[in-house]
Amino acid sequence: QVQLVESGGGLVQAGESLRLSCAASGSIFSINVMGWYRQAPGKQRELVAAATSGGSTNYADFVKGRFTISRDNAKNTVFLQMNSLKPEDTSVYYCNAVGRLTAWGTVNTYWGQGTQVTVSS
C-alpha cells in the first residue's frame, strides 16, 4: 500500500508564508499526479493545486499567484509553497496521489491524514 505523510502546517498571521511537504512511501510503481486539497469545517473538500509527473500544474483560482506546487519525482514528494496567506486559507490540507502499485495494476487514489493550516487576521 501507499502512505502519504504530510508536514509543514501551523499557525501564521495573514500575509505570512508556509511550506507543506508530502512524501509517499510504499511499494509504488508510478505516481501520475500529486496534489493538495483542503477542507474547512462544514465545507466540501476542494482542489488547491496538482502536478503531474510530466511537470504540468493546475491551480484553483483562489490560490493563483500566491501558491506554488512542485514535485520531486525521484523521491515521490510534493511541496506546496503558500505565500500571502489569508484567513480564508484556514483549513485542513490533504495530500493526494494518483498512481498504480504495479505496471499492470489499476490506478488508485491515496490520501494523507491532513495537516492543519490556520491563518489569523
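On a predicted model such as this, the values are computed, not experimentally measured, just so you know. (Residues numbered from 1 in each chain as written. Predicted model: local features only at pLDDT ≥ 70, side-chain atom pairs only at ≥ 80, totals over all residues. Heavy atoms only, no water.)

*Asks:* Explanation requested: the overall build of the chain in the structure shown.
*Replies:* Looking only at helices and strands, the chain features zero helices and eleven strands. The secondary structure elements of the chain, listed N-terminal to C-terminal, are β-β-β-β-β-β-β-β-β-β-β. Relative to the compact-globule value of 14 Å for 121 residues, the chain shows a C-alpha radius of gyration of 14 Å, a close match. The C-alpha extent of the chain, read off along each of the three principal axes, is 50 × 25 × 20 Å. Buried residues in the chain amount to 38% of all 121 residues. A separation of at least 24 residues holds for 54% of the contacts in the chain among residues at least 6 apart in sequence. Looking at the chain as shown, the accessible area adds up to about 6300 Å², and 49% of this sits on carbon and sulfur atoms. (Helix = DSSP H or I, 4+ residues; strand = E, 2+ residues; numbered from the N terminus. Rg over C-alpha atoms; globule rule 2.2 N^0.38 Å. Buried < 20%, exposed > 50% of the residue type's maximum accessible area, 1.4 Å probe, protein only. Contact = heavy atoms within 4.5 Å. Areas by Shrake-Rupley, 256 points an atom, 1.4 Å probe, with all protein chains shown as cover.)

*Asks:* Any chance you could explain the sheet that holds strand S1 (residues 2–7) here in plain terms?
*Replies:* Neighbouring strands of a sheet are bound in pairs by backbone hydrogen bonds; such pairs are parallel or else antiparallel. Read from one edge of the open sheet, four strands run S1-S3-S8-S7, paired in antiparallel fashion. Looking along the sheet, the strands with just one partner apiece sit at the ends: S1 and strand S7 (67–72). Sheet twist, expressed as the average angle between the axes of neighbouring strands with direction ignored, equals 15°. Alignment of S7 against strand S8 (residues 77–82), held across six bridges, turns out to be antiparallel. By the bridge assignment for S8, Ser70 is matched with Phe79. (Pairing = 2+ DSSP bridges. Axes fitted to C-alpha atoms, helices over the stretch in contact; angles between N-to-C directions.)

*Asks:* I keep staring at the nonpolar core and nothing clicks. Help me out?
*Replies:* The nonpolar side chains of a soluble globular protein tend to be buried, and buried together. By size, the foremost hydrophobic cluster in this structure holds 28 residues, and its most contacted members are Trp36, Leu80, Met82 and Tyr93. Only S1, strand S3 (18–26), strand S4 (30–39), strand S5 (46–52), S7, S8, strand S9 (91–100) and strand S11 (115–120) provide two or more residues apiece to this core. The element contributing the most residues to this core is S3, with four residues. (Core = buried A, V, L, I, M, F, W, Y, C linked by side-chain atoms within 4.5 Å.)

*Asks:* Which parts of the structure should I look at to understand the side chain of Ser91?
*Replies:* Within the secondary structure layout, Ser91 lies in strand S9. Overall, Ser91 belongs to the buried group, its relative accessible area being 3%. For Ser91, the side chain forms a polar contact with the main-chain nitrogen of Ala40, separated by 3.1 Å. Those residues in contact with Ser91 that lie beyond four places of it in its chain are Arg38, Gln39, Ala40, Thr115, Gln116 and Val117. (Polar contact = N/O pair within 3.5 Å; in protein donor to acceptor, adjacent residues only side chain to side chain.)

*Asks:* Looking at this structure, how should I read the side chain of Arg71?
*Replies:* Mapped onto the fold, Arg71 is located in strand S7. Here Arg71 occupies a buried position and makes no salt bridge, while the nearest side chain of opposite charge, Asp72, is found at 8.3 Å. At 3.2 Å, the side chain of Arg71 and the backbone oxygen of Ile31 are in polar contact. Among the polar contacts listed, one links the side chain of Arg71 to the backbone oxygen of Asn32, at a separation of 3.2 Å. Excluding residues that lie within four positions of it along the chain, Arg71 makes contacts with Ile31, Asn32, Val33, Met34, Ala51, Thr52, Ser53, Thr77 and Val78. (Lys, Arg positive; Asp, Glu negative; His and termini not counted. Salt bridge = Lys/Arg side-chain N within 4 Å of Asp/Glu carboxyl O.)

*Asks:* Could you clarify how one ought to interpret the state of the cysteines in this entry?
*Replies:* Each disulfide consists of one covalent bond between the sulfur atoms belonging to two cysteines. The full count for this structure, using the stated rule, is one disulfide. What pairs with Cys22 in a disulfide is Cys95, and their sulfur atoms sit 2.0 Å apart. On the S-S bond that ties Cys22 to Cys95, the torsion sits near -85°, and the link is left-handed. Of this pair, Cys22 sits in strand S3 while Cys95 sits in strand S9, and the two are 73 residues apart along the sequence. Across this residue pair, the class does not change: Cys22 and Cys95 are buried. (Disulfide = S-S within 2.5 Å.)

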